[in-house]
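# What the coordinates show
The residues making up each chain are set out below.
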2 protein chains.
Amino acid sequence: MSKGLSVVKASGIREPFSESKVRRSIRRVRIPASLENQVVRHVREKLYDGIPTQEIYKHIREFLGSSSAPYSKSMYGLKQAIMQLGPSGFPFEKYIARVLEHHGFLTRTNVIAAGKCVQHEVDVVAEKDGGRFMIECKFHNRPGSRSDVKVALYVQARFEDLERGMQGKTDEQKFSQPWLVTNTKFTTEAIAYGECVGMWVVGWSHPESGDLQSLIESGRLHPVTCLTTLTEGEAKELLRNNIVMCKQILSEKDALQAMGFPKERRDMVEAEVNAICSQER
Amino acid sequence: MSKGLSVVKASGIREPFSESKVRRSIRRVRIPASLENQVVRHVREKLYDGIPTQEIYKHIREFLGSSSAPYSKSMYGLKQAIMQLGPSGFPFEKYIARVLEHHGFLTRTNVIAAGKCVQHEVDVVAEKDGGRFMIECKFHNRPGSRSDVKVALYVQARFEDLERGMQGKTDEQKFSQPWLVTNTKFTTEAIAYGECVGMWVVGWSHPESGDLQSLIESGRLHPVTCLTTLTEGEAKELLRNNIVMCKQILSEKDALQAMGFPKERRDMVEAEVNAICSQER
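All residue numbers refer to position in the chain's written sequence, counted from 1. By the order in which they are written, chains take letters starting at A while ligands take numbers starting at 1. Restriction of local features to residues with pLDDT of at least 70 applies here, the model being predicted, together with a cutoff of 80 or more for giving and counting side-chain atom pairs; totals for whole chains, interfaces and linings are based on all residues. The side-chain values count all of the structure's non-hydrogen atoms but skip hydrogen atoms and water molecules.

Moving on, we get to the interface of chain B and chain A. Residues count as neighbours in contact if any of their non-hydrogen atoms are within 4.5 Å of one another. With 20 residues of chain B in contact, the opposing surface of chain A contributes 20 residues. Accessible area that two parts lose when put together, evaluated with a 1.4 Å probe and summed over both, is termed the buried area. Taking both sides of the interface into account, the surface hidden between chain B and chain A amounts to around 1600 Å²; carbon and sulfur atoms contribute 67%. In what follows, salt bridge is the name for a side-chain nitrogen of Lys or Arg lying within 4 Å of a carboxyl oxygen of Asp or Glu. The interface formed by chain B and chain A includes two salt bridges. Residues Arg164 of chain A and Glu160 of chain B are paired through a salt bridge, measuring 3.4 Å at the closest nitrogen-oxygen approach. Each polar contact in these results corresponds to two N or O atoms within 3.5 Å; when the atoms are within protein, one needs to be able to donate a hydrogen and the other to accept it, and residues that are neighboring in sequence are counted only if both atoms are side-chain atoms. Summed over the shared surface of chain B and chain A, the number is four residue pairs in polar contact (both at pLDDT 80 or more). Elements supplying a minimum of two residues to the side of chain B that touches chain A: β5 (119–128), α7 (149–165) and α8 (188–197) of chain B. Labels follow the DSSP assignment, with helices taken as runs of H or I lasting at least four residues and strands as runs of E lasting at least two, numbered in each case from the N terminus. No other element matches the nine residues that α7 of chain B contributes to the side of chain B that touches chain A. Note that Gly is not counted as nonpolar here; it falls among the polar residues with everything else outside the nonpolar set of Ala, Val, Leu, Ile, Met, Phe, Trp, Tyr, Cys and Pro and the charged set of Asp, Glu, Lys and Arg. A per-class count over the side of chain B that touches chain A returns 10 nonpolar, two polar and eight charged.

Spelled out as structure tokens, the structure:
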């Protein structure tokens, strides 16, 4: 039934429908194998030629929400949930800092550092094992947009200006490497340039090992915008209070209370957070 | 009458109304001194607190159009006319190449050059007196937007990547300096960074000597979008035919004819072009 049908991606590019891609995206969320076949069957029923991939995701999310594993829905829409950290790029920066903290980095956000020529605002400074990383977070609002080589170029120029400004300083004050972290894909050129100059370039589905999804999913570090038990307004309110990650709701217990959530609703939200953050499935 | 009134600039910034700024902007266009006082009087009549500078320009243009020196109107709206080269940045690149040619440079547009890491598209390559310049043209659509330090940073990183890619090549193949040319203003940081790394940064009212306006006005190199005898559609049609500069209409005589202009209208347009391009006033 799905033979020869094509889908239209957020970038506007058309490609043949791939059942295995749907299966892969569901497996990432670790839902039970039995459910996997049900999802595929559900998607097949909805397919038509030229269906936007966004619409397929919507159908899958709806299906998961009413399935026997309703919380898998919260985890399935990760890409969209990260985009909901916008419109400004600031919550994304804080979120990336939190993700890195859970991977053992010490982080600081919005650090002003003097280069040789001008001062630079570094989104995140992350330190681990003697390395000190200058991280530019590039947040895109629009699905389908890519971080292009110009972004990688200005990050490199900033790194070099900081390097030149640090001459004579101790190694601890210097940056060892520039990183570029984005919530979308990169152009081929941006990746090639990054590799060539030694920049660590992390985004959607890149690099093959250690892309943004795995950094998040391996540590169950989903953003609060994943939570289906919260309204969009409530999620924004949490972001304003610097609670960007589901896990923080468990460690900062009084946040929901301070926002006026009654006990019953707090229990609902915490149950969803527990379901997302529990490692076994 | 104009005491204490403020104007709102395209950037949204409010500042006190300055009669001398109006006079300066009129003098640039070299209209007769007698007309200058009339213009100032006309502006004073239209003033109110919080008037957008754009509205003042409109009043001045209208007044100049019906004055004894109607062609000064074509020259007065230079900033706006350059913006009308958009929405894409491509005609602006071609226009800048033409402006540089009139100043003695040999130019090529859209040159692909191999850097050490990736290939780069150089908007304009300009050569003169043994110098070979890599020019990035940054076109902004929106009045009031500024080219910021990120633009200057990526231009520098591109220049350095090209430099590293050129090792072992002869001097003639190397670029001697990066330039950044824009139709708007720069942020203070962009200018500071450019000066520090040795980048030639040219834009609206920068640098003090040799800004974009003087490069254009000194050579009477106004874009075709200045012409009041053309409709917007006709100007666009000329741009599509690579006629970006008023002067080209005189040297490429059959362009208007090919576009179906009757003799009478061709004469009108050419009269306006002659008035703009004549050096004496």
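Back to the write-up after that little detour.
In screw terms, the move from chain B to chain A is a rotation of 180 degrees and a rise of 0.0 Å along the axis, fitting with an RMSD of 0.1 Å. Those values place the two copies in the arrangement expected of a two-fold rotation axis. Scanning chain B for the C-alpha nearest the rotation axis identifies Tyr154 of chain B, at a separation of 2.1 Å. In this assembly, 100% of the residues forming the interface of chain B have copies in chain A that are likewise at the interface, indicating an isologous arrangement. The fit set for superposing copies consists of C-alpha atoms from residues with pLDDT of at least 70 in both; the fit itself is least squares.

The UniProt record marks residues 5–84 of chain A with the feature "domain: ATP-cone" (unreviewed entry), using the residue numbering of this structure. Between the end C-alpha atoms of residues 5–84 of chain A the distance is 30 Å, and the span holds 60% helix and 10% strand. UniProt positions are given in the numbering used here, feature names are shortened, and annotations may be inferred rather than shown by experiment.

What follows concerns the sheet that holds strand β1 (residues 6–8) of chain B. Through backbone hydrogen bonds, the strands of a sheet pair up, either in parallel or in antiparallel fashion. Residues and elements named next belong to chain B. Note on pairing: two strands pair once DSSP finds at least 2 bridges between them. One open sheet accounts for three strands, arranged β2-β1-β3; its pairing is mixed. Each end of this open sheet is capped by a strand with a single partner; those strands are β2 (14–16) and β3 (51–52). Bridge analysis of β1 against β2 gives three bridges, and the strand direction is antiparallel. Looking at β2, one finds that Ser6 is bridged to Pro16.

Each disulfide is one covalent bond, formed between the sulfur atoms of two cysteines. In what follows, a disulfide is any cysteine sulfur pair within 2.5 Å. Scanning all chains against the criterion turns up two disulfides over all chains. Note on cysteine connectivity: Cys117 of chain A is disulfide-linked to Cys196 of chain B, with sulfurs 2.0 Å apart. Between Cys117 of chain A and Cys196 of chain B, the S-S torsion sits near -70 degrees, and that sign places the bridge as left-handed. Taken together, the positions of Cys117 of chain A in the loop between β4 (106–114) and β5 (119–128) and Cys196 of chain B in helix α8 put the pair across two chains.

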